[in-house]
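# Commentary on secondary and tertiary structure
So the chains spell out like this:
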Amino acid sequence: MNTADYAEQAREIKERGWKAYKLHPPGDPAFDIQAYRACREAVGPEFKLMSDPVAAYSFEQALKIGRELERLDYH
């Protein structure tokens, strides 16, 4: 899956009337952040987004990603 696939899936979920979308990115911090951004851009600021990565981040990576998720208004 690429970042555009995540964004498209989020957009489809929103169009179906769902109230939220949860990403399950692969755990590569750079890729994951791109996917988080792409999804937010695809669905707009009012739609609820959540993250559930499938791999553990290091402490530093988790801080960086957490700050980005906060900035993007993830739930």
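Described below are features of the structure shown in this document. Going along each chain's sequence as written, the residues are numbered from 1 onward. Local features in this predicted model are restricted to residues of pLDDT 70 or higher, and side-chain atom pairs are both shown and tallied only at a pLDDT of 80 or more, whereas totals for entire chains, interfaces and linings draw on every residue. The side-chain values count all of the structure's non-hydrogen atoms but skip hydrogen atoms and water molecules.

## What about the side chain of Asp32?
Only DSSP runs of H or I with at least four residues qualify as helices, and only runs of E with at least two residues qualify as strands; both kinds are numbered from the N terminus onward. Turning to its location among the elements, Asp32 is positioned in helix 2 (residues 29–43). Working definition: with a 1.4 Å probe on protein chains only, accessible area under 20% of the residue-type maximum means buried, over 50% means exposed, and in between means partly exposed. Just so you know, the count uses Lys and Arg for positive and Asp and Glu for negative, and it drops His and the chain ends. Throughout this description, the term salt bridge denotes a Lys or Arg side-chain nitrogen within 4 Å of a carboxyl oxygen of Asp or Glu. Notably, Asp32 is buried but unbridged: the nearest opposite-charge side chain belongs to Lys64, and the N-O separation is 11 Å. Apart from the residues within four sequence positions on either side, Asp32 is in contact with Pro25, Pro26, Gly27 and Tyr57. Contact criterion: two residues are considered in contact whenever any of their non-hydrogen atoms come within 4.5 Å of each other.

## As for helix 3 (residues 59–71)
What a helix is expected to span follows from its residue count: subtract one and scale by 1.5 Å. Compared with an ideal rise of 1.5 Å per residue, which puts 13 residues at 18 Å, helix 3 spans 18 Å between its outermost C-alpha atoms and is within 8% of the ideal. Inspection of helix 3 places Ile65, Glu68 and Leu69 among the buried residues, and these make up the whole buried set. An end-on view of helix 3 places all buried positions within 100° of arc, on one side of the element. For helix 3, exposure combined with an orientation more than 90 degrees from the buried face picks out Phe59, Glu60, Arg67, Glu70 and Arg71. In this fold, the buried residues of helix 3 make contact with helix 2 and strand 2 (48–51). Asp73 sits one or two positions beyond helix 3 and adopts a positive phi of about 60°. Directions from the helix axis toward the C-beta atoms define the arc.

## Re helix 1 (residues 3–15)
Look at helix 1: 19 Å from first C-alpha to last across 13 residues, which is about the 18 Å you get at 1.5 Å a residue. Every buried residue belonging to helix 1 is among Tyr6, Ala7, Ala10 and Ile13, and all of these are buried. On an axial view of helix 1, the arc spanned by its buried residues comes to 125°, and they lie on one face. Residues of helix 1 that are buried sit in contact with strand 1 (20–23) and helix 2. In the stretch just after helix 1, Gly17 is the one whose phi turns positive, near 95°.

## Brief notes about the pattern of salt bridges
Counted according to the given criterion, the structure contains four salt bridges. The partner of Glu68 in a salt bridge is Arg37, and the shortest N-O contact between them spans 2.8 Å. Of this pair, Glu68 sits in helix 3 while Arg37 is found in helix 2, placing the two residues 31 residues apart along the sequence. On the accessibility criterion, Glu68 (10% relative accessible area) is buried. By relative accessible area, Arg37 is classed as partly exposed at 41%. Put simply, Arg37, Glu68 and Arg71 are held in one network by salt bridges that share partners.

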